[in-house]
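Report on the structure
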Amino acid sequence: MVARLVIAAPSSGAGKTTVATGLMAAFAGRGLAVSPHKVGPDYIDPGYHALATGRPGRNLDAYMCGTDLVAPLFAHGARGCDLAVVEGVMGLYDGAADQGELASTAQVAKLLKAPVVLVVDASSQSRSVAALVHGFASWDPEVRIGGVILNKVASDRHEHLLREALGESGVPVLGVLRRAPAVATPSRHLGLVPVAERQGQAVEAVAAQAEQVRAGCDLDALLALARSAPELHAEPWTPDAAGREPAAGGRPVVAVAGGAAFTFSYAEHTELLRAAGAEVVTFDPLRDEALPEGTRGLVIGGGFPEVYGAELSANEPLRKAVAELAASGAPVAAECAGLLYLARSLDGHPMCGVLDADARMSERLTLGYRDAVAVGDSVLAAAGTRMRGHEFHRTVIEPGAGARPAWGLHQPERRVEGFVLGGVHASYVHTHWAGAPGAAVRLVEHCG
């Protein structure tokens, strides 16, 4: 039994991340072991959650992993904790396009049997807040909205009007937060700037968020609400279910790109690789001039190589080492940022040159869930394997697919995408291997 809360909002921009992160840090400051979670495919918010709690931020994505895995993945991450705080995505009832409630915060709350705290941006309303909260609370009777936190409140008078309006709604006000520039986190073309790029500033922002929440929220009432959640009957997910014993020759080293340029990763990927028999070693393409000693496989996830194009290009020894490893036939799995790093160039800066393609920044945002089918055999999947993923980028690569594409995509339009070249699998599509654990096993097996 883990006490738990889902932090949701009527729409994006209401302050979910500030409130959720502040709550995590405030409760951790009380000595509670807090498990942080994020609904959806977002990689950036979990970095702030991890900073607030000292535990890995984990995603709960009903689209990529399936509804049956939401509760087990939650139980895996929250094992041994006193409290779990789950930050929602977009508006409470917003999910995958044309898929009803699938992958929405509301669906995840129901799967977890968790009470919801609604964060409302009250900056441009007073009495209307009651109608808004009433609508959200009554829309789906299976979703239990246990309280409201009013954000961006202008003054004592404004607070009085809001509380008066909500007095007869039946939904208690559990917090009131004033506008506070110190808690703001800067954004750019794909959302918040990741923790790894801000370091000391991120620590200060999380501390400010915790202090704002402590001052403006009823932590005792929020904890009591979290503890009112019923027992959740879910066997914790384990990466060992798809693993294998280490090979006789020992664990092959699988190098995983990290650092400021490659911040997008799911904690379960590393766990799955280790369970499949690999020794996982992280390296930083901005700083390290060589791959980890004994590297026999490589994983380059998402991030912001477009922000660090010149620095990545300047590290010529590592670019050469990556190209040599790929040429040797070793398994290389690259997603989004990794795809750009393997290209011939990015915004004119020479990259690794593994792929006969060039990448550049674009004005167009590509965003959405994807249903993918492996076009042919690769180090991640056998031909015909179906996986679900997510695209999120403001870059383009030309051509968009190689002679052997990685995936055939079926929505929003039918197309082939990505590259399979020897042991290389490179694509814009982010995948969550908990939903397809055979991918990690297959990659490690290809390490030889």
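Rules used in this analysis
- Residues numbered from 1 in each chain as written.
- Predicted model: local features only at pLDDT ≥ 70, side-chain atom pairs only at ≥ 80, totals over all residues.
- Heavy atoms only, no water.
- Pairing = 2+ DSSP bridges.
- Helix = DSSP H or I, 4+ residues; strand = E, 2+ residues; numbered from the N terminus.
- Axes fitted to C-alpha atoms, helices over the stretch in contact; angles between N-to-C directions.
- Contact = heavy atoms within 4.5 Å.
- Buried < 20%, exposed > 50% of the residue type's maximum accessible area, 1.4 Å probe, protein only.
- Salt bridge = Lys/Arg side-chain N within 4 Å of Asp/Glu carboxyl O.
- Polar contact = N/O pair within 3.5 Å; in protein donor to acceptor, adjacent residues only side chain to side chain.

**Thoughts on the sheet that holds strand E1 (residues 3-8)**
Taken in spatial order, the seven strands of this open sheet run E3-E2-E4-E1-E5-E6-E7, and their pairing is parallel. The open sheet is flanked by strand E3 (58-60) and strand E7 (173-178), the only strands paired with a single partner. Each neighbouring strand pair of the sheet contributes to a mean axis angle of 25 degrees, computed without reference to strand direction. Packed onto the sheet, helix H5 (residues 128-139) meets strand E5 (116-121) and strand E6 (145-153) and runs at close to 150 degrees relative to E5.

**Things to note about the pairing of strand E13 (residues 332-335)**
Across the two faces of E13 the burial is the same, with Val332 and Ala334 and Ala333 and Glu335 all buried. Inspection of the sheet shows strand E12 (residues 295-300) paired to E13 by three bridges, in the parallel sense. The residue bridging valine 299 from the neighbouring strand is alanine 333, located in E13. Bridging between E13 and strand E21 (residues 424-427) involves four bridges; their strand directions are parallel. Looking at the pairing, alanine 334 lines up with alanine 426 of E21.

**Overview of the pattern of salt bridges**
One pass over the full model with this rule turns up 19 salt bridges. Between lysine 110 and glutamate 101 there is a salt bridge; the shortest N-O distance is 2.8 Å. Ionic pairing is found between arginine 388 and aspartate 371, a salt bridge with its closest N-O pair at 3.0 Å. Placement of arginine 388 in strand E17 (residues 386-398) and of aspartate 371 in strand E16 (residues 358-374) is noted, with a sequence separation of 17 residues between them. Residue classification places arginine 388 among the partly exposed residues on the basis of a relative accessible area of 33%.

**A short note on the environment of tyrosine 266**
Along the chain, tyrosine 266 falls in the loop between strand E10 (253-257) and helix H10 (267-275). Residue tyrosine 266 is classed as buried on the basis of its relative accessible area of 2%. The spatial distance from the C-alpha of tyrosine 266 to the C-alpha of leucine 150 is 31 Å, given a sequence separation of 116 residues. Once residues within four sequence positions are removed from consideration, tyrosine 266 is found in contact with Pro41, Tyr43, Asn59, Met64, Thr431 and His432. Within the structure, the side chain of tyrosine 266 is placed 2.9 Å from the backbone oxygen of proline 41, a separation counted as a polar contact.

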